[in-house]
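Given next are the chains, with one letter for each unit.
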Amino acid sequence: MTSVPLLETKDTLVVSTPAAAAISPDASEVAFVVSVDNHKDDSFDSALWRLRDGVAAPIAEVAKGRAPQYLSDGTLSFIDAESGIGQLALLESGKTVAVTTADTAPFGVSGVAWAPDASKVAVVVIESTTLPGEPLVASTTFHKMDGMGRFGDTLFSILLIDRASGEVTVLRSGMHSASSLSWSPDGRLLAFSTWRDDAWDQHHVSVFEVLEVASKDGKQVFEGFLGLGAASAFTPDGSALIITGLQEPVAGNTQLLLIDLASGELRRLAPELDRNVLVGGNGGYPGSALRFSADGRAVMFTIREGGVAQVYSVDYTDPAAPAELLFGDDRSCIFGLDVAHDGTTTFVRATDTEFAEVEIHAPDGSLIHRTSLAIDVPVETLLRANWQERWFETADGTRVQGWLLRPADAVGATPVLLDVHGGPHNAWMPIANPGFLHHHQLVARGWSVLIVNPRGSDGYGDEFFGGTTGKWGYIDADDLTVGLHTLVAEGLADKDRLAVTGYSYGGFSVCSLTSKFPQLFAAGIAGGLVSDLASIAHTADLAGYFSRIEMGQGDNLDYAKLRAVSPIADVHEVRTPTLILHGLEDQRCPVQQAEAWFAGLREAGVPSQMVIYPGGSHLFFVQGKPSQKIDYRDRVLAWLDTYVPAA
């Protein structure tokens, strides 16, 4: 094999990541957010940029900003994050003009929707919460959230702010939540989602309400499950509201639903797709808000198709109309979507050979411009792998998609690292991903990396998506390992040099697989892990969702059963040397999960090490301090060097 220069972890944190692209109504410019690792301050920073006349540059008047949005008059709205507390602001005549302040929103703004005529804005603010130093009082299980920490009981308000006068009107108060705000085209109605019933924190059933702004009277138009995020948009004629959600609280594909406001009739759009409608979110989830075509007849949305994300449209006025693919292919992922009045579109796209960049497309779909922001070094410096798409068939006939990242000049069997994604309802994407460049570091060291999308992954239909409900560690075990056995049989993998890693649900899978197959792996690395399904069912920030929906137990929680099917019940079977990496402030998978697994490994006499990262939330390994991200990835490489035998 040809010798190639090794790729050091510190040299991989050089990728600028664009996101949240918004286009002006006249299509003359695009605003977007650029995130980058700031090694000097050891922080993960973001800045607001503008693309105009083919030139992209930071917006000098905004020190730190996010969530750009153009008003109907062309004014740029954004969240000003300079103070550390996000406040709504406008960019007018080259100056930042505050819309909300510490007086209006002392804890910042969590939701924004501008009226169609840009004369007023609805914002969601925290009405009351626990102040620093005060006792944390919790009346529901929603008293903490990963990335936000612990806050106790918290109530929200929806405020209406007049742009010219600054006058503030309270539309709703004392709410458990408020999100997915959208205005009717005539500016008369405001739609939003909220949790309402007495056990909302357990059932996670949400409602959509349509509020008449002038009278403050509201009408509930939907009750169901919105997953962990939702989108809404009034149709251009104002007759209906389109939302993303499910009518039943189950782990399944989020659907595109149209609600006729006159009759209350609900109709699913594009049911033939059988794919998850994505609204986007933290942790690299693709998706977008709902947008409409220039003629107003079609709604545009993002779905997961296999490991990629694509943009579709459907004529919502015709119940028989099929969905049509607008943008996307099998080697790229689209993040975000915005549309100008004439149908010009913008979004962020990453491919298997290029990092994410902002694209602008003409109304006919042709590419007008693609930025070149991501890196200032040759892309082959960072991307060392030769991607190979693979499909594997399990014992029960299930077909599982995966990709093998292998040295281009590899001959014969190599060591192979199986990396398991989180979720479980996420999916590996066959794209250049700055968060997983350690895969390419391993390829430069002669390794192959196998990533697969087992049952539970989205992008393969509703049955596949819900396949792991209540079956973590069992239904998916064959899905995860069949690829390794296939590669060994083909002479591409060395059976004595197999390793496994994963984060979150992937960390759970490391625990589960090493306890079920003690002789399969030479090394294991578990990050942000889950080891005890019983204890996490009442300690995670989404405890109600996890136990009732993800574990499929409904209101009949059986902690003994959850414990019995947990990896911790079989930790004494593990023989694989295991490295544990976990954030101390992880509220999604609390650090006690790592401590329990580590203690069990020590009791079993398994070579093991636990590394805890102070201040680290669940997503610290991709969105945290550069120093911690470097340390995390370097420890992965060092553990493999130590425990995977040399060729």
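Read on for an overview of the structure. Computed from a predicted structure; not experimentally measured.

### Remarks on the overall build of the protein
- Within the protein, the secondary structure is distributed over 11 helices and 39 strands.
- By the compact-globule yardstick of 26 Å for 647 residues, the protein fits well, its C-alpha radius of gyration being 24 Å.
- Dimensions of the protein along its principal axes, counting C-alpha atoms only, are 70 × 55 × 55 Å.
- Counting all 647 residues of the protein, 57% fall into the buried class.
- Within the protein, counting contacts between residues at least 6 apart in sequence, those at least 24 apart form 56% of the total.
- Here the protein has roughly 25200 Å² of accessible surface; of this, 51% comes from carbon and sulfur atoms.
- Of the side-chain charges in the protein, 45 are positive and 80 negative, and the distance between the mean point of each set is 4 Å.

### Examining the nonpolar core
- Formed by 44 residues in total, the largest nonpolar core has its most connected members in Leu418, Leu450, Phe521, Leu533 and Trp597.
- Broken down by secondary-structure element, the contributors of at least two residues to this core are strand 33 (399–406), strand 34 (414–420), strand 35 (448–453), helix 4 (477–489), strand 36 (493–503), helix 5 (505–516), helix 6 (533–536) and helix 9 (592–603).
- Counting 31 residues, the second-largest nonpolar core is a separate cluster that includes Leu405, Phe464, Phe621 and Val644.

### Considering the packing of aromatic side chains
- Inspection of the entire model under this criterion finds 23 aromatic pairs.
- A ring pair is formed by Trp428 and Phe436, whose centres lie 5.0 Å apart and whose planes are at 75°; its orientation type is edge-to-face.
- The class for Phe436 is buried, based on a relative accessible area of 19%.
- Ring centres of Trp472 and Phe546 lie 5.4 Å apart, and the angle between their planes is 85°; this geometry places the pair in the edge-to-face category. Of this pair, Trp472 sits in the loop between helix 3 (462–465) and helix 4 while Phe546 sits in helix 7 (residues 543–550); the two residues are 74 residues apart in sequence, bridging distant segments of the chain.
- With a relative accessible area of 4%, Trp472 lands in the buried category.
- The residue whose ring lies beneath Lys516 is Tyr474, and the NZ or CZ to ring-centre distance is 4.1 Å.

### Side note on the environment of Pro607
- The topology assignment puts Pro607 in the loop between helix 9 and strand 39 (608–613).
- Distance in space between the C-alpha atoms of Pro607 and Arg497 is 17 Å, their sequence separation being 110 residues.
- Excluding residues that lie within four positions of it along the chain, Pro607 makes contacts with Thr576, Pro577, Thr578, Trp639 and Tyr643.

### Concerning the sheet that holds strand 1 (residues 17–23)
- Within the open sheet, the four strands sit side by side as 1-2-3-4. Their pairing is antiparallel. The open sheet has two edge strands, strand 1 and strand 4 (55–58), and neither has a second partner. Neighbour-to-neighbour, the strand axes of this sheet turn through a mean angle of 25°, independent of strand direction.
- As judged from the 10 bridges shared by strand 2 (residues 29–38) and strand 3 (residues 43–52), these two strands associate in the antiparallel manner.

### Brief notes about helix 7
- A large share of helix 7 lies buried, amounting to eight of its eight residues.
- Every buried residue of helix 7 is listed here: Ala543, Gly544, Tyr545, Phe546, Ser547, Arg548, Ile549 and Glu550.
- On the buried face of helix 7, the contacting elements are helix 1 (200–203) and helix 6.
- Taken from the residues just after helix 7, Gly552 is the one with a positive phi, measuring 65°.

### A word on the sheet that holds strand 15 (residues 179–183)
- The antiparallel open sheet is built from four strands, whose spatial order is 15-16-17-18. On the outer flanks of this sheet lie strand 15 and strand 18 (217–224), each paired with one strand and no other. Neighbour to neighbour, the strand axes of the sheet diverge by 20° on average, direction disregarded.
- Across seven bridges, strand 17 (residues 206–212) lies against strand 18 in antiparallel orientation. The residue of strand 18 that forms the bridge with Val207 is Glu223.

### Describing the side chain of Arg349
- Looking at the element boundaries, Arg349 is found in strand 29 (residues 345–351).
- Relative accessible area serves as the criterion here: at 10%, Arg349 is assigned to the buried category.
- Within polar-contact distance, the side chain of Arg349 engages the side chain of Glu359 at 3.1 Å.
- For Arg349, the contacting residues outside a window of four places in its chain are Gly328, Asp329, Ser332, Cys333, Ile334, Phe355, Ala356, Glu357, Glu359, His361 and Arg370.

About the cut-offs
Residues numbered from 1 in each chain as written. Predicted model: local features only at pLDDT ≥ 70, side-chain atom pairs only at ≥ 80, totals over all residues. Heavy atoms only, no water. Helix = DSSP H or I, 4+ residues; strand = E, 2+ residues; numbered from the N terminus. Rg over C-alpha atoms; globule rule 2.2 N^0.38 Å. Buried < 20%, exposed > 50% of the residue type's maximum accessible area, 1.4 Å probe, protein only. Contact = heavy atoms within 4.5 Å. Areas by Shrake-Rupley, 256 points an atom, 1.4 Å probe, with all protein chains shown as cover. Lys, Arg positive; Asp, Glu negative; His and termini not counted. Charge placed at Lys NZ, Arg CZ, Asp CG, Glu CD. Core = buried A, V, L, I, M, F, W, Y, C linked by side-chain atoms within 4.5 Å. Phe/Tyr/Trp six-rings, centres within 6.5 Å; stacked < 30°, edge-to-face > 60°. Lys NZ or Arg CZ within 6 Å of the ring centre and 35° of its normal. Pairing = 2+ DSSP bridges. Axes fitted to C-alpha atoms, helices over the stretch in contact; angles between N-to-C directions. Polar contact = N/O pair within 3.5 Å; in protein donor to acceptor, adjacent residues only side chain to side chain.

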